[in-house]
Amino acid sequence: MKPVLLARQLSYGNPDRPRLSDFDLQLQPGDRLGLLGINGAGKSTLMQLLAGILAPSRGEVLILGQRLDRAGPALRRHIGFLPQRVPFYPELTVTENLQWAGRLRGLSGQGLIDAIDTVLDQARLVEFSRRLAGRLSAGMAQRLGLAQALVHRPDILILDEPTAGLDPLQTEQIRGLLGSLGGETSVVLATHLLDDVQRLCNRVILLDAGCKKAEHEVTPDTDLLRHFRQHAAGAESGAVS
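Here goes a summary of the coordinates provided. (Residues numbered from 1 in each chain as written. Predicted model: local features only at pLDDT ≥ 70, side-chain atom pairs only at ≥ 80, totals over all residues. Heavy atoms only, no water.)

1. A look at the sheet that holds strand β5 (residues 66-67)
For step 1, the next point in the chain: Strand order in the open sheet formed by 4 strands is β2-β1-β4-β5, and the pairing between neighbours is antiparallel. Since the sheet does not close on itself, it has two edges, and those belong to β2 (17-27) and β5, each with one partner.
For step 2, the next point in the chain: Sheet analysis places strand β1 (residues 5-14) next to β2, joined by 7 bridges and oriented antiparallel. Paired with Gly 13 across the strands is Pro 18, a residue of β2.
For step 3, the next point in the chain: On top of the sheet, helix α1 (residues 43-51) reaches β1, β2 and β4 (58-63); it is set at about 125° to β1, its chief contact. (Pairing = 2+ DSSP bridges. Helix = DSSP H or I, 4+ residues; strand = E, 2+ residues; numbered from the N terminus. Contact = heavy atoms within 4.5 Å. Axes fitted to C-alpha atoms, helices over the stretch in contact; angles between N-to-C directions.)

2. Observations concerning the nonpolar core
For step 1, the next point in the chain: Formed by 42 residues in total, the largest nonpolar core has its most connected members in Leu 98, Leu 125, Leu 157, Leu 159 and Leu 178.
For step 2, the next point in the chain: Ranked by residues supplied to this core, first place goes to helix α5 (residues 138-150) with 7 residues.
For step 3, the next point in the chain: Not counting the four nearest positions on each side in its chain, Leu 98 is found in contact with Leu 112, Ile 116, Val 119, Leu 120, Leu 144, Ala 147, Gln 148 and Val 151.
For step 4, the next point in the chain: Counting 29 residues, the second largest nonpolar core, distinct from the first, contains Leu 33, Ile 79, Phe 81 and Ile 158. (Core = buried A, V, L, I, M, F, W, Y, C linked by side-chain atoms within 4.5 Å. Buried < 20%, exposed > 50% of the residue type's maximum accessible area, 1.4 Å probe, protein only.)

3. Observations concerning empty space enclosed by the protein
For step 1, the next point in the chain: A full pass over the atoms with the stated rule returns 1 cavity of 30 Å³ or more.
For step 2, the next point in the chain: If you add up the space inside the largest cavity, you get close to 40 Å³.
For step 3, the next point in the chain: As for the largest cavity, its lining consists of Arg 32, Leu 159, Leu 178, Leu 181, Val 187, Leu 189 and Leu 200.
For step 4, the next point in the chain: Split by residue class, the lining of the largest cavity holds 6 nonpolar, no polar and 1 charged. (1 Å grid on protein atoms, 1.4 Å probe; cavity = no way out; pocket = protein on both sides within 12 Å on 5 of 7 lines; lining within 4 Å. Points joined across faces, edges and corners; volume = space filled by probe spheres on them. Nonpolar A, V, L, I, M, F, W, Y, C, P; charged D, E, K, R; others polar.)

4. Quick notes on the packing of helix α3 (residues 94-104) against helix α4 (residues 109-122)
For step 1, the next point in the chain: It is the contact of α3 with α4, at a shortest axis distance of 10 Å, that shows an interaxial angle of 125°. When the axis of α3 is compared with that of α4, the two are oblique. The element α3 and its partner α4 pack so that their crossing is right-handed. Taken together, the residues of α4 that come into contact with α3 (itself represented by Val 94, Thr 95, Leu 98, Gln 99, Gly 102 and Arg 103) are Leu 112, Ile 116, Val 119 and Leu 120.
For step 2, the next point in the chain: Counted by class, the contact of α3 with α4 contains 6 nonpolar, 3 polar and 1 charged residues. (Parallel < 35°, antiparallel > 145°, perpendicular 65-115°, else oblique. Left-handed = near helix turned anticlockwise from the far one by under 90°.)

5. So, the packing of α5 against helix α6 (residues 168-179)
For step 1, the next point in the chain: Where α5 contacts α6, the two axes come as close as 9 Å, and the packing angle between them is 15°. One way to sum up the angle between α5 and α6 is to call them roughly parallel. Along this stretch, α5 crosses α6, giving a crossing that reads as right-handed. Across the interface between the two elements, Ala 138, Gly 139, Gln 142, Arg 143, Leu 146 and Leu 150 of α5 pack against Gln 170, Gln 173, Ile 174, Leu 177 and Leu 178 of α6.

6. Remarks on α5
For step 1, the next point in the chain: With 13 residues, α5 ought to run about 18 Å at 1.5 Å a step, and its terminal C-alpha atoms sit 18 Å apart, in line with that.
For step 2, the next point in the chain: Burial within α5 is extensive, with 12 of its 13 residues counted as buried.
For step 3, the next point in the chain: Within α5 the residues assigned to the buried category are Gly 139, Met 140, Ala 141, Gln 142, Arg 143, Leu 144, Gly 145, Leu 146, Ala 147, Gln 148, Ala 149 and Leu 150.
For step 4, the next point in the chain: Buried residues along α5 sit in contact with β6 (79-82), α3, α4, β7 (156-160) and α6. (Expected span 1.5 Å × (residues − 1).)

7. Focus on the environment of Ile 205
For step 1, the next point in the chain: Assignment of secondary structure puts Ile 205 in strand β9 (residues 203-208).
For step 2, the next point in the chain: Relative accessible area serves as the criterion here: at 0%, Ile 205 is assigned to the buried category.
For step 3, the next point in the chain: In the structure, Ile 205 is positioned 204 residues away from Met 1 in sequence and 20 Å away in space, judged by C-alpha atoms.
For step 4, the next point in the chain: With sequence-adjacent residues up to four places away left out, Ile 205 is seen in contact with Phe 23, Asp 24, Leu 25, Leu 33, Gly 34, Leu 35, Leu 36, Lys 212, Ala 214 and Glu 215.

This is the structure we're talking about:
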């Protein structure tokens, strides 16, 4: 089966102190891949490279077999990206922000209207659709960010610490939304929370100081803490930002 996303020898930053070094990754259709590491391990850099926000110093990212750095808008529409800070206009309503996000991804007319209705329901934001985004709670703002990333029904969803800074109830709401996605959406989830990986992922990559340390399948019996302690040897000596 051909991977929907492939990263080969991906590197970024100063050669003397790279943020990411020779990173390889394969994402198959329906995969839920967790990227686990401490703050500063290089997760956000990797997420931006996979989403095409940053250009690698070396290596390549392929989406559906095509190089991302040579791609036009049509290929990039296969990706939905949620960065650590949700990108929205606080002076616009929830619906208006989704209209903006959908149009950026080529949606218009009835197709855009139907897509917005779908993600408002998925994110449990229907009753808040006319609220200004700047008046949303942290949890609702994160749900808006996910709705924006999903509005065009991407094949690949790239999430950078989607539950960071949320209270337990908000965290459960986000996990519930992600868990409800169908198998047609492949997910890359960067986090430093073991529970996110255990609950949402079928595979995990351990990342430390910009390097891939290990890769494991995730089952209900997987001891993620043991794997993390075993491989994150560089955590106490300092990691890249």
